[in-house]
Amino acid sequence: MAADGGHRDADGTPNLTSPITPEQVDTFKGYVKEWVPRLLALADDEESFRFLADKNGITMGVGSEEGVDTSLLLLRARTTFHVPHDLMQPALVMADSDRFTKVFDIIDPMFHKGKVLWMQDDYVFPEVPFLSLKWAKYTLPALGILQDREFVFLEHDDEFEIDGQRYGIGVAQSVELPQLPECKMFVRGDLMISGYVFKEVSEGVIESTYVLQANPKGIIPAWAVNLGLKEQGMNLGRMRDWLEGLELTRQRMADLELVADVQDDLTKLQDVTLGRRGQYSYEFATAPGTEVVFAFCSLGGPVTFHLQGTTSGSGFSKPASKDSHEEAIHAKVVAASNTVTLCWQNSNWVRQRPVYFTVRDANACTTKSEKATKLRTQVAADGAAGASTKNAAATPQRLQGATQDGKTSAGSGSATVSPRKARTFSVSV
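The structure presented is a predicted model; accordingly, all values stated were derived computationally and were not measured. (Residues numbered from 1 in each chain as written. Predicted model: local features only at pLDDT ≥ 70, side-chain atom pairs only at ≥ 80, totals over all residues. Heavy atoms only, no water.)

## What to know about the overall build of the protein
How we decide: Only runs of H or I of at least four residues qualify as helices and only runs of E of at least two qualify as strands under DSSP, and these elements are numbered from the N terminus. Any two residues whose heavy atoms approach within 4.5 Å at even a single point are treated as in contact. Here, Shrake-Rupley sampling with a 1.4 Å probe gives the accessible areas, and only protein chains in the shown set may cover a residue.
The secondary structure content of the protein amounts to six helices and 23 strands. Long-range contacts, defined here as pairs at least 24 residues apart, represent 70% of the contacts in the protein between residues at least 6 apart. When the accessible area of the protein is evaluated, it comes to approximately 20,500 Å², of which 50% is carbon and sulfur surface.

Here is the structure:
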């Protein structure tokens, strides 16, 4: 336990000194009603940002106010995602520390470590609205000469409609937290209203905007601030590439008998980016004699692949180039040891190779035929339920979310807003 920082692990990862109180939860809920419309206004504000850069399809702008403290980061980035609406929520809602760390490791190179400190009671992934309290540690781009920063922030994810258009939002801001005092290991930065706004402009096309307002505190060279701004703006591009890769993988695996459940549960997909001439090995714990199923796709070109720890007849014992960028490579093999290791190598000297994969025991898979049977059963059950309630009054859909003035009015089990009304779709900041 750090004397000046509450309960901390050796690397500074915090543990709250006491639980979040009901009074704090009520305060948190009040905050987000104000934050959502303010983030939406920033996302649409064309006057407060001047052009910074246009890189890899990402248009970036910075705060244009004169005389502002140069340590204050004020950034907006915008691009288009070509992914379906139903991909966003399960991919980006981060309801546990592992998921939080995984997603931010992908999109933000300055991110070093993260933890979910608190989340709303009785949460069922990936439903929204979702409210959580998070801690994140960042390493600034200054060749190790600057002290790491930590941020403690409240995050709210939700979905709503504006004039018939579907929006997803993830908004965050720093909050005071008595249960987590500052410590000497880090400088605690201040995150002001920031986040992502996703607007579905047509089927499979989402206009995506990232707004960042942060004061990393302390003394930071101007060059490090400028470098940090552009790097943060590219977070949106990294998110786009990752999500579009997920969707492409999902399409390629759609007709695979053994891993059909990937279509409905994206958490079963893992990914890694192979560097130039890079390699990666993934160890899957199992037992000798167990049937193991795997599938993988790559983006941008072929990769070299082989398996370790399987019986001699697997067909993947020797490294060989696989055209996994054209179709999914998949098989069922038998483990010869307690570990089956999947090994990839990128032979390209110029380009990286993202790889998306799934691996598990065969008895834990839902096959394509089993999925079809479950679907037919569900359709039949829904039809029977619909017939029995044919003449019953329809129950209004629950709507929840913030309006321009942060107010909602309840009636018949729903909350109405003007001009915005909320639904249940989200992505996370």
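## Side note on the sheet that holds strand β17 (residues 320-322)
Threshold: At least two bridges found by DSSP between two strands is the condition for calling them paired. A fitted line through C-alpha atoms serves as each axis, taken over the contacting stretch for helices, and the angle formed by two N-to-C directions is quoted from 0 to 180°.
Read from one edge of the open sheet, four strands run β14-β19-β16-β17, paired in antiparallel fashion. Each end of this open sheet is capped by a strand with a single partner; those strands are β14 (279-285) and β17. Averaged over all pairs of adjacent strands, the angle between strand axes in this sheet comes to 30 degrees, irrespective of strand direction.

## A closer look at the packing of helix α2 (residues 85-92) against helix α5 (residues 235-252)
How we decide: Roughly parallel here means an angle under 35 degrees, roughly antiparallel means over 145, roughly perpendicular means 65 to 115, and every remaining angle is called oblique. What makes a crossing left-handed is the near helix being turned counterclockwise from the far one by less than a right angle; a clockwise turn instead makes it right-handed. Side-chain classes are defined by residue name, with Ala, Val, Leu, Ile, Met, Phe, Trp, Tyr, Cys and Pro counting as nonpolar, Asp, Glu, Lys and Arg as charged, and the others, Gly among them, as polar.
The geometry of α2 relative to α5 is characterised by a closest axis approach of 11 Å and an angle of 115 degrees between their N-to-C directions. In terms of orientation, α2 and α5 fall into the roughly perpendicular class. Here α2 runs over α5; the crossing is right-handed. Contacts between α2 and α5 involve Asp86, Leu87, Met88, Ala91 and Leu92 on the former and, on the latter, Met239, Trp242, Leu243, Leu246, Glu247 and Arg250. Across the contact of α2 with α5, the residue classes tally to eight nonpolar, no polar and three charged.

## Digging into α5
A turn of α-helix holds 3.6 residues, and therefore any two residues three or four places apart point the same way. For clarity, the cut-off: Given the number of residues in a helix, its expected span is that number minus one, multiplied by 1.5 Å. Think of it in three bands: residues with accessible area under 20% of the maximum for their type are buried, residues over 50% are exposed, and the middle band is partly exposed, with areas taken using a 1.4 Å probe on protein chains only.
Spanning 18 residues, α5 covers 26 Å between terminal C-alpha atoms, matching the ideal 26 Å at 1.5 Å per step. Where α5 is concerned, the buried positions are Asn235, Leu236, Gly237, Met239, Arg240, Trp242, Leu243, Gly245, Leu246, Glu247, Thr249 and Arg250.

## Things to note about the sheet that holds strand β20 (residues 353-361)
Taken in spatial order, the four strands of this open sheet run β13-β20-β15-β18, and their pairing is antiparallel. Lying at the two open borders of the sheet, with one neighbouring strand each, are β13 (270-274) and β18 (329-334). Pairs of neighbouring strands in the sheet enclose a mean axial angle of 25 degrees, with direction left out of account. Relative to the sheet, α5 contacts β13, β15 (291-298) and β20, its axis offset from that of β20 by approximately 50 degrees.

## Remarks on the pairing of β20
Among the nine residues of β20, seven are classified as buried, and the element is accordingly described as predominantly covered. Across five bridges, the pairing between β13 and β20 is antiparallel. Note on β20: the bridge partner recorded for Leu274 is Arg353. Sheet topology places β15 next to β20; seven bridges connect them, and they run antiparallel. Among the inter-strand pairings, Val293 is bridged to a residue of β20, identified as Arg360.

## Here we look at the nonpolar core
One broad rule of soluble globular proteins: the nonpolar side chains tend to lie buried together. Selection criterion: Only buried residues count toward a nonpolar core. Its members are Ala, Val, Leu, Ile, Met, Phe, Trp, Tyr and Cys residues joined through side-chain atoms within 4.5 Å.
By size, the foremost hydrophobic cluster in this structure holds 59 residues, and its most contacted members are Phe81, Leu92, Leu243 and Met253. Residue contributions to this core peak at five residues, all from α5. Setting aside residues no more than four positions away along its own chain, Phe81 makes contact with Met88, Phe198, Gly204, Val205, Ile206, Ser208, Leu236, Met239, Arg240, Leu243 and Glu244. One finds Phe49, Leu131, Val171 and Val197 within the second-largest nonpolar core, a separate group that totals 32 residues.

## Here's the deal with the packing of aromatic side chains
As a reminder of what qualifies: Only Phe, Tyr and Trp rings take part, Trp by its six-membered ring, and two of them pair if their centres are within 6.5 Å. Stacked means planes under 30 degrees apart, edge-to-face means over 60, and tilted covers everything else. Two conditions define a charge sitting above a ring: the NZ of Lys or the CZ of Arg must be within 6 Å of the ring centre, and it must be within 35 degrees of the ring normal.
Scanning the model with the defined rule gives 23 aromatic pairs in all. With 5.0 Å between their ring centres and 70 degrees between their planes, Phe100 and Phe104 make a pair best called edge-to-face. With Phe100 and Phe104 both in helix α3 (residues 97-107) and four residues apart, the pair spans about one turn of that helix. Here Phe100 and Phe104 have matching classes, each one buried. Aromatic pair Tyr138 and Phe151: ring centres 5.7 Å apart, planes at 90 degrees, arrangement edge-to-face. Of the two residues, Tyr138 sits in strand β7 (residues 130-138) while Phe151 sits in strand β8 (residues 149-162), which places them 13 residues apart along the sequence. Since its relative accessible area comes to 13%, Tyr138 is described here as buried. Under the relative-accessibility criterion, Phe151 is labelled buried at 10%. Among the aromatic residues, ring-to-ring pairing joins Tyr280, Tyr282, Phe294, Phe296, Phe305, Phe316, Trp344 and Phe357 into one connected group. In this arrangement the basic side chain of Lys134 is found over the ring face of Phe100, its NZ or CZ atom lying 5.6 Å from the centre.

On their own, these measurements won't tell you what the molecule is for.
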